[in-house]
Structure formats: structure tokens, C-alpha cells
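# Coordinates in review
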Amino acid sequence: MKRTLATLFLVAFAACQQETRQAATETTPATTTTTPAAQTASTRDPHSYSNPEQVRVEHLTLDLNVDFTKKQLAGTATWRVKRTGDAQTLILDSRDLTINSVTLQPGNKPAQFKLGEAKGTFGAPLEIPLQPDTSSVTIDYVTSPNAGALQWLEPAQTAGKTYPFLLSQSQAILARTWVPTQDTPQVRFTYDAKIKVPRELMALMSAENPQARTPDGVYTFKMPQPIPSYLLVVAAGDVEFRPLGRNSGVYAEVPVAEKAASEFVDTQKMIDTAESLYGPYRWGRYDMLVLPPSFPFGGMENPRLTFLTPTVIAGDRSLVALIAHELAHSWSGNLVTNATWNDFWLNEGFTTYFEHRITEKLYGKEYAEMLWSLGVTEVAEEIASLPPADQHLYVDLTGRDPDEAPTIVYEKGALLLRLIEETVGREKWDAFLRSYFDSHAFQSMTTTRFREALRAAFPGVEEKVNIEAWINGPGLPANSPKPQSQAFAKVDAQRKAFLDGTTPVAKLQTEGWASHQWVHFVQGLPDTGVNEKLRQLDQQFKLSQTGNNEVLAVFLQKAVTNQYREAYPSVERFLTSMGRRKFLEPLYKKLMANPQDVAFAKSIYAKARPTYHPLAVGSMDKIVK
């Protein structure tokens, strides 16, 4: 999932989970099982009640009916299980699920299940006693209308305005709100499913997907590659499919489908580039689904069906390499997965490094250096707002919602990998990464195991790069790479000349600027005292009306801090037209920081709140008191 500001043009934001840090009030799930001696504090998942070290789920069969009236999924989940110990009980994670019955196979024997005490974000353990011959368990259940993973959109909230839309978001620990599961990235499973939706709609999953609608609204799915629970998703809406390449395509609402196909035409080139760097794409097809504007993230890397925000459809293909980040997750994250959310940097740091390598190969070294430079700027800004322990790469999230994982791990992790590359040489480093993905494919990885692999391949490199300071130390170590962008230097010169009055707005040399150059220009403007300068820029370049959401977002933030009120109608339109958290959070914060804007912010939020995803609501409720 992409969330950082470092890839605002060719690599816009995405899965890749979450754009805000939320206050932690819940306690860690208290598992009722005994941890084997082989399991250490670094491998035990503090965010799951489940007991995969004793009983592990292997395959899921779903049979669900999508009820838009009740805003519920209802049906059965059947888990094939494998005992890896002598446990007599299967423990699954659940949250806000109504469990009607549990039966054991073979024999369809009723089981006297127990649903434990619910603890906020973590939900409750579902304990199912097993018999000696139990090979699978079937759970009949219904989701809550307020399930944290599911968003039910009314027709007015969609592009087509005619039919409703369902979307899900399982990362990090929200899968348990719509399927009882071992909700930990340490457990992988294959699955098949039957999903029933109104016949006017198409259903999709992170699986082998249909490319045309069925006459009865019943869709069947198969996922032959094993995935962790956070990559299990479902969606349903008035969507159509458009092919893009030999194994890629895009789904989108009917009014958006042609625009999306045109915008994402370079997807196949990115797949080919990624494969040339780090080996074959192992998931069959790489398709994407453009969601309605309320999707809270830039993208989510669900295998076979990346979720995308429509805010990247700018009409000029200037933001579409958000795909580079989500595609890179097909190797780092989906293929080799962080064992716990404390190891989140292994997903996102690797992916951010990989995405920079993709863009460098496609668009050149200077272009990639701009993206690296933006990443360094972002890290510096985030460090100022984080406690020292949350500035580490390995972040202890025990007792906290893993959605609190600080976004510093994206770019700080990528910078560490760049430092290692510069230390051992690119050719050797690329060979190591190719071997890393091959030898650990479809497995989970801890920070400790990564360091062991690095040590074995490059003796002494940990000491050379001072890896301990990177993994368990705050901020950016003194040996951090310092990317230099000549393109940004030219932008800085233009901004300085404009602010000191030596260059009038009409004479600014902006021809050919990419989105991230505009973002860099606007971000460097003072937070106060340049109201007139903002007006001149707006009149000359129509920044408050631009269709590029990355540029618009930073301009509106400057408009609020400078009280440039001519842009306030655009602020309201922006906040009520989409639900992407990385745009919402800073803008609402700046509005609430101005006493004269508090009432304005609250009135906007009152209108927009029902259209936001539950994850966004949870964040914005804390900002808009």
C-alpha cells in the first residue's frame, strides 16, 4: 500500500495502509495457547489470537450472499485445517461477527464453539474444539453492518449514480471483521469462493476474476497461490473490464472505464521492467480495480486485483505510476511477507526501494533522484512528529492497532537498502534480491531472519552500514544516502526569484514541469504572509482548479495556512469529493488549527463523513472534534 509523499508523480500514493497515526487504547490479544519454545518474541504475532503453531488453516471455501439492503455478508466459511501440534482447539480471529453455528467435517458434526471477550480493534477469539478426525470446520455467520473492512456505498457515492458499490479493505487486521480467520501475515492459504450479488453488478476478489457479468449475479473464484488474510478482498459494483496487455487489465465503473484504460496503458511495460529486475511475476494476471473516490488509500496491492483510487486519473498519465509501488508488492509483501506488523518495513521499505528502481529503469536516473529527494524530505518532516521509538524501522506495535505503523518505514527502509546497494555494488545487490525473493517465496520474513540472510551473503556489511542504528535507532543515521536532484534545484531557484520579486509570475519558467516539481514548488512556499503570491499563482496557473490531486492538495493546504479565502470553495469541493486519508488528514488539521476555520471544517465534515470509509472516519473523528 502506498501512503508516502515521495512518489507524487510517477509513483503516487498507495496499500500500500495507513495515512495517520491513531491513539492506542486497546490491549493486545491474550492468546490462550502455549507458545512453543521455537517461537520467539520476534515471530509471535501480537495482533492475533490464533494458534497456527498448533493448528493451521490451509484452504478457505467461502459461500456468501451480498445484501446491500442490510449491509451484510451472510453465508459460510469452511476452513481445511492441518494440525502442527497436539492442540485440540482451533482458534480464529473474529470481530463483530454473528456466529450462527459451527460444524466439523467429516460427518457434519455440530461443534460447541466459544466466542471470547471482545477487545476493541482486536475483536474476540473464536475457539472451536476439534475431534481426532476433524479435517475441516464450517462456520455459518453474518457480518455486522458496521464491519470495519467493508464500505457500503449508495448509488449517489459512485461514478454511475445508479447502483450501489461494495468495497473491502482487510489490511492490516480487518479481515477478521468479514471472515473468521487466522488473521496474521504468518499464515497463508489458498481459497475458492462463491459470491452472490444483484444481477446488475459484477463481483470481484483477489483471485482469478471474471471479465464479463453473469446473468444471475453468481460469481465463482479461485485463488491457487497462498495468501495471508490481509490480502483477502471482495468488491461488487457496476464495473466493466478493459484489457491492457498480455496479462494485465483494468476494471472500473462504466463511466470511468475508458479513461482508466487510457490512463494505465503503460502497465504492461512496468510488469516487464519489474520482471527484468527481480524475477518472474508469480500471480498469473495483474489486474486493477478503480474504486469510487471514498477509497481511503492511494492503492492496495491485493494479488491479481490491485485496488486504486480514482484520484490518480489526472487525464495526462502524470500520476499513474502508483502502479509501480503496488506492482512491486507482488514481490515484496505479497510474495515475501512481513511475519508480524512490527516488521512492516520489510513490506514497505523493500517495495519503496523496488518502485524507485522501476522508475529509474523506465524514466532515467535524474527522474528517480527527484523521487528519492522527496522521500528524504518526507522522512525529515515525519521525524519531527514521532516519538523516538516510532522512528525505528522495527517498530514495536504491541497493544496498538497495526494501522498505526509510522510511514517513516517506507522511505527510511528504502534508504537503508540503497545504502547497502552503494556499499556492496548494484550487481551483487540485485543478485541477492533476486535470490531473496526466490528462496523465500510464499513465506513470511522477520527482521532478524533478513539480517541473517544479509550477513551470510555479505559478511561485515552490517557493521559497515551500521545497520543496528537503522533498525533500532531513531531518525536517519549520519551515513544515510543524500540524493541530489538538479531538477529540484531549478525549481528552488524559480521559487526564490518569485518570492523576492525579481521574477513576476508570468515569467516563471515552468514549462515541462512534472507533478512532483509543482508539489516541491508549492511545498516550499511560506505558511504565512504570501496571500497575494498565492493569488497570483492561482490566477496564472489555476492551481485551485487543477485536476491533478497531488498538486491541488498541497496548494489548498497553503491556501488555508495563508487564509487565501478565494480557494476555500475548492477546499470544500475537495474534501467532499473523495475520501483518501493522505489528502484529508493534513487539510482538516490545518483548518482546525485556525480558530476562524473551525466552524467551516465542522460543517464540511458533517456533510462528508457519511461518504468516508470507516478507516478514514476513525482518523478524522480525532481531528475534527
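Refer to the structure above for everything that follows.
Residues numbered from 1 in each chain as written. Predicted model: local features only at pLDDT ≥ 70, side-chain atom pairs only at ≥ 80, totals over all residues. Heavy atoms only, no water.

## Things to note about the overall build of the chain
The test is simple: Secondary structure elements are taken from DSSP: a helix is a run of H or I of four residues or more, a strand is a run of E of two residues or more, and numbering for both begins at the N terminus. Under the scheme applied here, a residue whose accessible area is under 20% of the maximum for its type counts as buried, over 50% as exposed, and between as partly exposed, the area being computed with a 1.4 Å probe on protein chains only. The method behind every accessible area is Shrake-Rupley, applied with a 1.4 Å probe, and residues are considered shielded solely by the protein chains displayed. Lys and Arg are tallied as positive, Asp and Glu as negative. Neither His nor the chain termini are counted. The atom standing in for a charge is NZ when the residue is Lys, CZ when it is Arg, CG when it is Asp and CD when it is Glu.
When its secondary structure is counted, the chain shows 18 helices and 21 strands. Based on the C-alpha atoms only, the size of the chain along its principal axes is roughly 85 × 60 × 50 Å. Residue burial in the chain is summarised as follows: out of 625 residues, 63% are buried. Surface accessibility of the chain: about 21,700 Å² in total, with carbon and sulfur atoms responsible for 52%. Across the chain, the centroid of the 64 positively charged side chains sits 1 Å from that of the 68 negatively charged ones.

## Focus on the sheet that holds strand 16 (residues 248–253)
Put simply, the rule reads: Only when DSSP finds a minimum of two bridges between them are two strands counted as paired.
One open sheet holds the five strands; their spatial order is 15-16-17-19-18, and the pairing between them is mixed. Edge positions in the sheet fall to strand 15 (239–245) and strand 18 (299–300), since each has one partner strand and no second. In the sheet, strand 17 (residues 286–290) pairs with strand 19 (residues 305–308) via four bridges, with the strands oriented parallel. Residue pairing in the sheet places leucine 289 in a bridge with phenylalanine 307 of strand 19.

## Looking at the nonpolar core
Applied cut-off: Remark: nonpolar core denotes a set of buried residues (Ala, Val, Leu, Ile, Met, Phe, Trp, Tyr, Cys) joined through side-chain atoms within 4.5 Å.
Among the nonpolar cores identified, the biggest contains 147 residues, and Ile128, Trp178, Met205 and Phe264 are the most heavily contacted of them. Among the elements that take part in this core, helix 6 (residues 408–424) stands out by supplying 10 residues, more than any other. Counting residues in hydrophobic clusters, the runner-up holds 45 residues, among them Leu508, Phe574, Phe583 and Ile623.

## With respect to the packing of aromatic side chains
What counts here: Between 30 and 60 degrees the pair is tilted, below 30 it is stacked and above 60 it is edge-to-face, where a pair is any two Phe, Tyr or Trp rings, Trp via its six-membered ring, whose centres lie within 6.5 Å. In this scheme, the term charge over a ring applies when either NZ of a lysine or CZ of an arginine sits within 6 Å of the ring centre and within 35 degrees of the ring normal.
Enumeration over the complete set of coordinates arrives at 34 aromatic pairs. With 6.4 Å between their ring centres and 25° between their planes, phenylalanine 354 and phenylalanine 437 make a pair best called stacked. Residue phenylalanine 354 is located in helix 4 (residues 345–363), and its partner phenylalanine 437 is located in helix 7 (residues 426–439); the two are separated by 83 residues in the primary sequence. Of the two residues, phenylalanine 354 and phenylalanine 437, both sit in the buried class. Here lysine 533 stacks its cationic end above the ring of phenylalanine 498, 4.5 Å away from the centre of that ring.

## Here's the deal with the pairing of strand 9 (residues 150–153)
Of the two faces of strand 9, the one carrying Leu150 and Trp152 and the one carrying Gln151 and Leu153 are both buried. One ladder, built from four bridges, connects strand 9 with strand 10 (residues 165–168); its direction is antiparallel. Within strand 10, the residue paired with tryptophan 152 across the bridge is leucine 166.

## Describing the packing of helix 4 against helix 5 (residues 365–383)
Definition in use: Between N-to-C directions, angles span 0 to 180 degrees; the directions come from axes that are lines fitted to C-alpha atoms, helices contributing only their stretch in contact. Note that the term roughly parallel is reserved for angles under 35 degrees, roughly antiparallel for angles over 145, roughly perpendicular for angles of 65 to 115, and oblique for everything else. Take the far helix as the reference: if the near one is turned anticlockwise from it by less than a right angle, the crossing is left-handed, and if turned clockwise, right-handed. Note on contacts: a residue pair is in contact if any heavy atoms of the two residues lie within 4.5 Å.
The geometry of helix 4 relative to helix 5 is characterised by a closest axis approach of 7 Å and an angle of 150° between their N-to-C directions. One element, helix 4, and the other, helix 5, form an angle in the roughly antiparallel class. The handedness of the crossing between helix 4 and helix 5 is right-handed. Two secondary-structure elements touch here, helix 4 through Tyr353, His356, Thr359, Glu360 and Tyr363 and helix 5 through Lys365, Tyr367, Ala368, Leu371 and Trp372.

## Overview of helix 15 (residues 568–575)
Residues spaced three or four apart along an α-helix point in a common direction, a consequence of the helix completing one turn every 3.6 residues. Stated precisely, the cut-off is as follows: Arc, as used here, means the arc of the directions from the helix axis to the C-beta atoms.
All buried positions along helix 15 are accounted for by Tyr568, Ser570, Val571, Phe574 and Leu575. Viewed along the axis of helix 15, the buried residues span an arc of 150°, placing them on a single side of the element. Residues of helix 15 that are buried sit in contact with helix 14 (549–561), helix 16 (581–593) and helix 17 (598–608).

## Some thoughts on the side chain of glutamate 360
Under the convention used in this document: Two N or O atoms form a polar contact when they lie within 3.5 Å of each other; inside protein one atom must be a possible hydrogen donor and the other a possible acceptor, and for residues adjacent in sequence the pair counts only when both atoms belong to side chains.
Residue position: glutamate 360 is located in helix 4. Residue classification places glutamate 360 among the buried residues on the basis of a relative accessible area of 17%. Only 2.9 Å separates the side chain of glutamate 360 from the side chain of arginine 426, close enough to count as a polar contact. When residues no more than four places from it in sequence are discounted, the contact partners of glutamate 360 are Lys365, Ala368 and Arg426.

## Quick notes on the sheet that holds strand 9
Read across the open sheet, the four strands follow the order 9-10-14-12; overall the sheet is antiparallel. Either end of the sheet is taken by a strand with one partner, and the two such strands are strand 9 and strand 12 (202–205). Between one strand axis and the next, the sheet turns by 15° as a mean value, whatever way the strands run. Looking at chain direction, strand 10 and strand 14 (residues 234–237) are connected through two bridges and run antiparallel. When the sheet's bridge partners are listed, leucine 167 is paired in strand 14 with alanine 235.

## Let's talk about unusual backbone geometry
At the junction of glutamine 105 and proline 106, the peptide bond is cis and its omega measures out at 5° in the coordinates. Counting through the fold element by element, proline 106 comes out in the loop between strand 4 (98–105) and strand 5 (109–110). The peptide bond linking glutamine 171 to alanine 172 adopts the cis configuration, its omega dihedral lying at 5°. On the secondary structure map, alanine 172 appears in the loop between strand 10 and strand 11 (188–196). You will see that lysine 71, though not glycine, has its phi angle at about 55°, which is positive. Assignment of secondary structure puts lysine 71 in the loop between strand 1 (55–67) and strand 2 (72–83). Taking relative accessible area as the criterion, lysine 71 reaches 30% and is therefore assigned partly exposed. Its identity is not glycine, yet lysine 542 carries a phi of approximately 55°, on the positive side. Tracing the backbone shows lysine 542 in the loop between helix 13 (531–541) and helix 14.

## Looking at the pairing of strand 17
Of all five residues that make up strand 17, five are buried, and the element is covered over most of its length. Neither face of strand 17 is left uncovered, since the one carrying Tyr286, Met288 and Val290 and the one carrying Asp287 and Leu289 both have all their residues buried. Relative to strand 17, strand 16 runs parallel, the two sharing four bridges. By the bridge assignment, valine 250 is partnered in strand 17 with methionine 288.

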